[in-house]
Amino acid sequence: MPISCQDKSQLRNLMKKMRKEHHPLERKKKSETICGKLVESTGFGQAKTILFYYPKSDEVDTLAAIAASLEQKKTVCLPCTDRKTGVITACEISGLDGHNLEKAAFGIPEPKPGENTAVPAQKIDLVIVPGVAFDLHGDRVGHGLGYYDRFLTSARKAKKIALAFDFQVVNEKIVCESHDVTVDEIITEKRHIVVRK
Ligand SMILES: Nc1ncnc2c1ncn2[C@@H]1O[C@H](COP(=O)(O)OP(=O)(O)OP(=O)(O)O)[C@@H](O)[C@H]1O
Ligand SMILES: [Mg+2]
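Model, not experiment: these values are computed from the prediction.

A.B. asks: Explanation requested: the layout of surface pockets in the structure shown.
C.D. replies: Empty space left among the atoms is revealed by rolling a probe the size of a water molecule over them. Counted as a void, the largest pocket has a volume near 580 Å³. Lining of the largest pocket is provided by 28 residues; of these, Phe106, Pro130, His143, Tyr147 and Tyr148 occupy positions nearest its centre. Broken down by secondary-structure element, the contributors of at least two residues to the lining of the largest pocket are helix H1 (8-21), strand S2 (75-82), strand S5 (109-111), strand S9 (140-141) and helix H5 (147-154). Looking at the lining of the largest pocket, the element that brings in the most residues is H5, giving 3 residues. When grouped by side-chain class, the residues that make up the lining of the largest pocket number 13 nonpolar, 7 polar and 8 charged.

A.B. asks: Just checking my understanding: could you explain the coordination of the magnesium ion (ligand 2) for this structure?
C.D. replies: Each angle at a metal carrying four tetrahedral donors should ideally be 109.5 degrees, and each at a metal carrying six octahedral donors should ideally be 90 or 180 degrees. Of the protein atoms, only Asp149 (OD) and Asp180 (OD) coordinate the magnesium ion (ligand 2), at distances of 1.9 to 2.0 Å. With Asp149 in helix H5 and Asp180 in the loop between strand S11 (169-170) and strand S12 (185-187), the pair connects residues that are 31 residues apart, well separated along the chain.

A.B. asks: Even after reading the chapter, I still don't get the pairing of strand S3 (residues 87-93), so can you show me in this structure?
C.D. replies: The two faces of the sheet receive side chains in turn, since in a regular strand these alternate between them. Two strands pair when backbone bridges link them, and S2 and S3 are joined in this way by 7 bridges, in the antiparallel orientation. The residue bridging Leu78 from the neighbouring strand is Cys91, located in S3. The hairpin formed by S2 and S3 contains 4 residues between the paired strands, and Gly86 there has a positive phi angle of roughly 70°.

A.B. asks: I tried to follow the side chain of Asp180 on my own but got confused; where do I start?
C.D. replies: Take Asp180: its relative accessible area is 14%, and that puts it in the buried class. Within the structure, the side chain of Asp180 is placed 2.8 Å from the side chain of Lys8, a separation counted as a polar contact. When sequence neighbours within four positions are dropped, the list of residues in contact with Asp180 reads Lys8, Arg140 and Asp149.

A.B. asks: How do you make sense of the site of ligand 1 when you look at a structure like this?
C.D. replies: Around ligand 1, 15 residues are found, and the nearest of them are Arg140, Gly142, Tyr147, Asp149 and Asp180. Between ligand 1 and the protein, one listed contact pairs an oxygen atom with a side-chain N or O atom of Arg12 at 2.9 Å. The side chain of Asp180 places a nitrogen or oxygen atom 2.7 Å from an oxygen atom of ligand 1. For ligand 1, whose free accessible area comes to 650 Å², the fraction covered by protein is 71%. In terms of residue count, the dominant contributor to the shell around ligand 1 is H5 (4 residues). In terms of residue class, the shell around ligand 1 is built from 4 nonpolar, 5 polar and 6 charged.

What counts and what doesn't
Residues numbered from 1 in each chain as written. Chains lettered and ligands numbered in written order. Predicted model: local features only at pLDDT ≥ 70, side-chain atom pairs only at ≥ 80, totals over all residues. Heavy atoms only, no water. 1 Å grid on protein atoms, 1.4 Å probe; cavity = no way out; pocket = protein on both sides within 12 Å on 5 of 7 lines; lining within 4 Å. Points joined across faces, edges and corners; volume = space filled by probe spheres on them. Helix = DSSP H or I, 4+ residues; strand = E, 2+ residues; numbered from the N terminus. Nonpolar A, V, L, I, M, F, W, Y, C, P; charged D, E, K, R; others polar. Donors = N, O, S within 2.8 Å, 3.2 Å for Na, K, Ca; no water. Pairing = 2+ DSSP bridges. Buried < 20%, exposed > 50% of the residue type's maximum accessible area, 1.4 Å probe, protein only. Polar contact = N/O pair within 3.5 Å; in protein donor to acceptor, adjacent residues only side chain to side chain. Contact = heavy atoms within 4.5 Å. Near = heavy atom within 4 Å. Areas by Shrake-Rupley, 256 points an atom, 1.4 Å probe, with all protein chains shown as cover.

Right, here's the structure in full:
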């Protein structure tokens, strides 16, 4: 049965279900491949300041790529989310252990608040974008709260690379709204889709 891309919330629910049913070992193996491809990519090589996302259990695991970035002395940021305003601030981290991070909104580890680590969105060279579904034009469906759409609007100079399992990329065009921000590239375990250079 073809997947319907006319309705973002229907597509979101289907993909979230598929991601949940995805075997943890498969997820781990694919995430390693995807992180390897990201670290080898031109976009990553050229970026000095990167905003990653901290992976939830069913998403592409970014931790290996974060570790590689820290080793290469890049400036690594993770989102600090403000649930009242729906705004993401990029905050620099110096490592991935408990001294640097604590569980925050949605149970996701974030840089500790109160430390002066905020990096202006205009200074970010590369945003590693999470998502629930993508199409071949770079259209994206997230969790439906608009956090990334808002953030990406303010990070205009940044290259936007999405990481996804291959089944999350649909062939049919996703029907998006005017506030939806597209990504420039999508890396899956099988493909590196470059929408625009
Ligand atoms: N740039 C924006 N400015 C103001 N509100 C916005 C903006 N972008 C999105 N929103 C709000 O967020 C809501 C959810 O957006 P959407 O359904 O596109 O989320 P999403 O892209 O799936 O989620 P996310 O970006 O959090 O992963 C929209 O209905 C809209 O009201
Ligand atoms: Mg959106």
